[in-house]
Amino acid sequence: MSNLNAPSSQHTLAGWLNPDQLPPQGAAIDIQLESVHAGEELTVVLADADGTQLASKSLPVNHNDQNITLRFASQFFTKGSGKLKVYYTVGKSGPSAALEFDISGGFTGGHVVDLSAQRVPVFYHNGTIKLPKNLPAQMHFARPLTGATGYKSSNASVATVDSAGNVSVLRNGSTTITATLAGGSKEQYSLTVTGLVGLEILASSATLSNAEKTCKALGMRMPRQSDFALFKSAYGSQMGEWLPDLAIWGEAIGAGSAWTFHPHTAVIVGESSENGALRQVAGMN
C-alpha cells in the first residue's frame, strides 16, 4: 500500500466542490511530499468515479518542493457532473490515496452531507443539540450566493445558516436553504444530512423494560456498548454538565443485566437490570 498522503484542495468542503466558487484559473490541488522525492517526477491525475482519466499534469520535484500546488482548469468541473477524484504518483511510488468530491449544481443544486464514514456523535437533550467541545469540521460548510442579503433554513433543527451563507448541520434530516437577493427575489437549494450518530435523552428515570418500550414506540433503539464508547470518546464526562448524576440505560446483555454509561464519570459497565433498577433513558436516532 502507498504511503503517499492524499492531495487536498481549498476548493472542496464536506466532500463537495462548487463550480461557482472557483477562481478563473481553476481548482487548486495541494500536495505535500517528503524530501526523499526530490528530483523525481510528480504526476497528478484528475479522474471520474469510474477511474477514467480526465486530465493529468507532470512536473519534476525540486529539492525545496515539499509543498506543491497546481491547478486543473474550471472546464473539468461542470455543475452536477457527479463525483471526481484526484490522486498522484511520484517516481515509482503511488498511486496515492485519492481526494474524492462531488460537483454541486451551483447554488440551486441539491447538497448532501453524509457523515456515515466519520461516525460523528451528536447528543440531544430536551430537543436541544448539545455539541462536544471540539466540533468536527465536517459539520460546517460555506455556500454563499453572490448578491444575497440574507439566508434562512426551513428546518433549523436540521441545519442553521448565518448571514454569510455558512451552514452548520445539527441532525439527520432535510431542510431548504433560501437566499434572498437585494431585489427581493429568492434562490434556494435542498440540504440532506445523513450519517450523524444521535443519542437523545427520553426520560429522567425508568426500568430497563420501560426504557426499551419507550425507544420502540419512538422508532429508536437502545444504545449499544459501541455507541457509548463513541460518545465517551467525543464528550468524555461533558454530558454530566447537562444530566443528573444517574447512569443511562443501554441494550440488554442477557442474564438480567444491561450496558450503562454514566454521564458524570464516563464509565461504561454492565449492570443488573433486575429489582426495578432505575436509570436514565436514551434512544439512538
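Our subject is the structure listed above.
Quick caveat: nothing in here was measured; it's all calculated off a predicted structure.

S.K.: Would you mind showing me how to read helix α1 (residues 208-217) here?
M.R.: For an α-helix, the turn length of 3.6 residues means that residues three or four places apart are oriented alike. Looking only at α1, the buried set comprises L208, A211 and C215. Take α1 and look down its axis: the buried residues cluster within an arc of 55°, on one side only. Within α1, the exposed residues directed more than 90 degrees away from the buried face are K213, K216 and A217. If you follow the buried residues of α1, they end up packed against β18 (197-206), β19 (248-254), β20 (257-261) and β22 (279-284). Where α1 ends, the next residue or the one after it, G219, has phi of about 70°, a positive value.

S.K.: Where do I start with the packing of aromatic side chains in this structure?
M.R.: What characterises a pair of aromatic rings is the spacing of the ring centres plus the angle enclosed by the ring planes. Across all of its chains, the model carries eight aromatic pairs by this definition. Ring geometry for F107 against Y189: centres 5.1 Å apart, planes inclined by 85°, an arrangement best described as edge-to-face. With F107 in the loop between β8 (99-103) and β9 (111-114) and Y189 in strand β17 (residues 186-194), the pair connects residues that are 82 residues apart, well separated along the chain. Residue F107 is classed as buried on the basis of its relative accessible area, which comes to 4%. You can call Y189 buried: its relative accessible area is 1%. Taken together through their ring pairs, the aromatic side chains of F123, F231, Y235 and W242 make up a single cluster.

S.K.: Any chance you could explain the side chain of K85 here in plain terms?
M.R.: With respect to the helices and strands, K85 occurs in strand β7 (residues 82-90). E100 provides the closest opposite charge to the buried, salt-bridge-free K85, at an N-O distance of 5.0 Å.

S.K.: Is there a simple way to explain the nonpolar core in this structure?
M.R.: Side chains of nonpolar character tend, in soluble globular proteins, to be buried together. If you look at the biggest cluster of nonpolar residues, it comprises 24 residues, and the most contacted ones within it are V169 and L191. Put simply, the parts of the chain that give this core at least two residues each are β10 (121-125), β14 (159-161), β15 (166-169), β16 (173-181) and β17. If we skip the residues at most four places from it in the chain, L191 touches H111, V113, F141, A159, V167, V169, G173, S174, T175 and I177. L42, V61, L70 and F72 belong to the second largest nonpolar core, which has 23 residues in total.

S.K.: Just to check I follow, could you spell out the sheet that holds β17 for this structure?
M.R.: Pairing between the strands of a sheet is mediated by backbone hydrogen bonds and can be parallel or antiparallel. Spatial strand order, β9-β17-β16-β13: four strands in an open sheet with mixed pairing. The strands lining the two open edges of the sheet, one partner per strand, are β9 and β13 (148-153). Averaged over all pairs of adjacent strands, the angle between their axes in this sheet comes to 20°, without regard to strand direction. As paired strands, β13 and β16 are joined by five bridges and run antiparallel to one another. Counterpart to K152 in the pairing with β16 is T178.

Calculation rules
Each chain carries its own residue numbering, running from 1 in the direction its sequence is written. Only residues with pLDDT of 70 or above have their local features reported here, since the model is predicted, and side-chain atom pairs are shown and tallied only from 80 upward, although totals for entire chains, interfaces and linings are computed over all residues. Just so you know, side-chain values use all the structure's heavy atoms and leave hydrogens and water out. Residue exposure (1.4 Å probe, protein chains only): buried if accessible area is under 20% of the type maximum, exposed if over 50%, otherwise partly exposed. Helix numbers and strand numbers start at the N terminus; a helix is a DSSP run of H or I with at least 4 residues, a strand a run of E with at least 2. Directions drawn from the helix axis to the C-beta atoms are what define this arc. Note on contacts: a residue pair qualifies if any of its non-hydrogen atoms lie within 4.5 Å across the two residues. Note on aromatic pairs: the rings of Phe, Tyr and Trp (six-membered ring only in Trp) are paired at centre separations within 6.5 Å, and the planes decide the class, stacked below 30 degrees, edge-to-face beyond 60, tilted for the rest. When charges are tallied, Lys and Arg are placed among the positive residues and Asp and Glu among the negative ones, while His and the ends of the chain are skipped. Criterion for a salt bridge: a side-chain nitrogen of Lys or Arg within 4 Å of a carboxyl oxygen of Asp or Glu. What makes a nonpolar core is a set of buried Ala, Val, Leu, Ile, Met, Phe, Trp, Tyr and Cys residues whose side-chain atoms join them at distances within 4.5 Å. In short, DSSP must find at least two bridges between two strands for them to pair. Only the contacting stretch of a helix is used when fitting its axis, a line to C-alpha atoms as for every element, and angles between N-to-C directions run 0 to 180 degrees.

The analysis is restricted to geometry; functional conclusions fall outside its scope.
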